[in-house]
Structure formats: C-alpha cells, structure tokens
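# What the coordinates show
Below are the chains, spelled out letter by letter.
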Amino acid sequence: GERGRALPLLVDAARRFCEVHAYRDAAAAGRAALEVWPEGEDEPGRLEVLHELGRCAQLCGELREAGRVWEEIAAGLNGAAEPQRLADVKRRLATVYELEGAAPRAAAVRLEAADAFEAAGLHAEAAAERLLAADAVWDDDPVATERALDAALAAARRSGRADLESRCLSAQGFRLGRAGRRDEG
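Residues numbered from 1 in each chain as written. Predicted model: local features only at pLDDT ≥ 70, side-chain atom pairs only at ≥ 80, totals over all residues. Heavy atoms only, no water.

This brings us to helix α2 (residues 23-36). For an α-helix the count is 3.6 residues per turn, leaving residues at separations of three or four pointing the same way. For α2, built from 14 residues, the straight-helix expectation of 20 Å at 1.5 Å per residue is met to within 8% by its first-to-last C-alpha distance of 20 Å. Of the residues making up α2, those classed as buried are Y23, A26, A27, A29, G30, A33, L34 and V36. The elements touched by buried residues of α2 are α1 (3-19) and α3 (43-59). (Helix = DSSP H or I, 4+ residues; strand = E, 2+ residues; numbered from the N terminus. Expected span 1.5 Å × (residues − 1). Buried < 20%, exposed > 50% of the residue type's maximum accessible area, 1.4 Å probe, protein only. Contact = heavy atoms within 4.5 Å.)

Before going further, it helps to spend a moment on the side chain of Q58. Within the secondary structure, Q58 sits in helix α3. Discounting chain neighbours no more than four positions away, the residues touching Q58 are L63, A66, W70, R92, T95 and V96.

Once that is clear, we can look at the pattern of salt bridges. This model, assessed by the stated rule, comprises 26 salt bridges. Notably, a salt bridge pairs R15 with E19, separated by 2.6 Å at the nearest N-O pair. A residue pair is termed a helical-turn pair when its members lie 3 or 4 positions apart in one helix, as R15 and E19 do in helix α1 at 4 residues. In this structure, the salt-bridge partner of R91 is E125, at a minimum N-O distance of 2.4 Å. With R91 in helix α5 (residues 83-99) and E125 in helix α7 (residues 123-136), this residue pair connects regions lying 34 residues apart in the sequence. Residue R91 is classed as partly exposed on the basis of its relative accessible area of 23%. Where salt bridges share partners, they join R24, R31, E43, R46, E62, E65, R68 and E72 into one cluster. (Salt bridge = Lys/Arg side-chain N within 4 Å of Asp/Glu carboxyl O.)

Moving on: helix α6 (residues 103-119). With 17 residues, α6 ought to run about 24 Å at 1.5 Å a step, and its terminal C-alpha atoms sit 24 Å apart, in line with that. Among all positions of α6, only A106, A107, V109, R110, A113, A114, A116, F117 and E118 are buried. For α6, the elements touching its buried residues are α5, α7 and α8 (142-159). Of the residues trailing α6, G121 is marked for its positive phi of about 80°.

Our focus in this paragraph is the side chain of R175. You can see R175 is positioned in helix α9 (residues 162-178). Not counting residues within four places of it along the chain, the set of residues in contact with R175 comprises W138, T145, E146 and L149.

This part covers the nonpolar core. If you look at the biggest cluster of nonpolar residues, it comprises 31 residues, and the most contacted ones within it are L50, L53, C56, W70, I73, L77 and V89. Mapped onto this core, the elements with two or more residues apiece are α1, α2, α3, α4 (63-76), α5 and α6. Excluding residues that lie within four positions of it along the chain, V89 makes contacts with H51, W70, I73, A74 and L77. Among the nonpolar cores identified, the runner-up in size contains 19 residues, and A116, A155, L164 and C168 belong to it. (Core = buried A, V, L, I, M, F, W, Y, C linked by side-chain atoms within 4.5 Å.)

Here's what the structure looks like:
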C-alpha cells in the first residue's frame, strides 16, 4: 500500500522491460504505475508513462489498449502548443486502427496527423500521411482520395522532397488511368 514508493519503481520496471523488448511485461508495469499515479500530479510525467504504455501495448499486439492510450494522450495534448507531438500520437493511433481493419477511421486520423505535421512545419511528414490516407480510402471514396492526393502533392512540393512528389504524381496518374482518363494520367 505504499504508493509513493511503488510508483517510481513501477515506472523504472516498465522502462527496463521495454529496453529488453519485453513489451507485454512493460505494458503491465506501466498499467500498474498509472493505477497508483496520484490524480492531478505531474501530468507531463503521466503522459510520458502513457506514451510508453501505448508503444509497448502496440508492439505486443494489445491493440485495443494501445488505441485507448493513444486516444487519451491525443485528448490531453495541446495541439497548438505541441503540433509535432500530437501528429506523432495521431500517426500511431492511425496505425492501430489500420491493424484493427478500420481503414476509414485510420484515414481520418491520418489526415488529422497530416494537419498537425503541417502546423509543425514538417511538410514531408504531412505528405506521407496524406498519401497513406488516400490509399486507405482509394476504392471507397474517389473524391476524398483526390483531395488527399492533391494535398499530399502540395505538401511534398513544399518539403522539397522529389521522392515524395514522384510518389504523389504516380498515385494521381494511376488513379486517373483507372478512372478511364489515361491521357490525363
């Protein structure tokens, strides 16, 4: 019952388990640490433990837990003050949704990540997320696909990354070709 003494030991155990790739044990120790975490104290430290819990839960296949954690972290972050951190969390959340087979949900979160990467000035990251979002809705929503590809191309051009620009143009050409607009493609 000595929560004050247990907390740093549980956090350290989670970190050490993670270092040796014992992700399931790390997630269990992280959950235990969060259970004894004093409410309202050291919120940045709590978010850091949550982040490690999400990462470890995802790596050991506990996708529901990982998704819940990434959602909680995203809700707790100030996107205006920390756009890059929010973008990274949204990217991880989208990956969980993809692994769960929820492609439309993943695409929506990837677009949120792209917006946050743009806000952080990371245009290449934004382009990559928009490309992945377009891929997720490719067959289901041609209009959303076209918008995502156009935005990805613009971000790729802002980043100066010719490889990303080429991938965007290739995807646009392929989409146009499939739609019967081969000359334009």
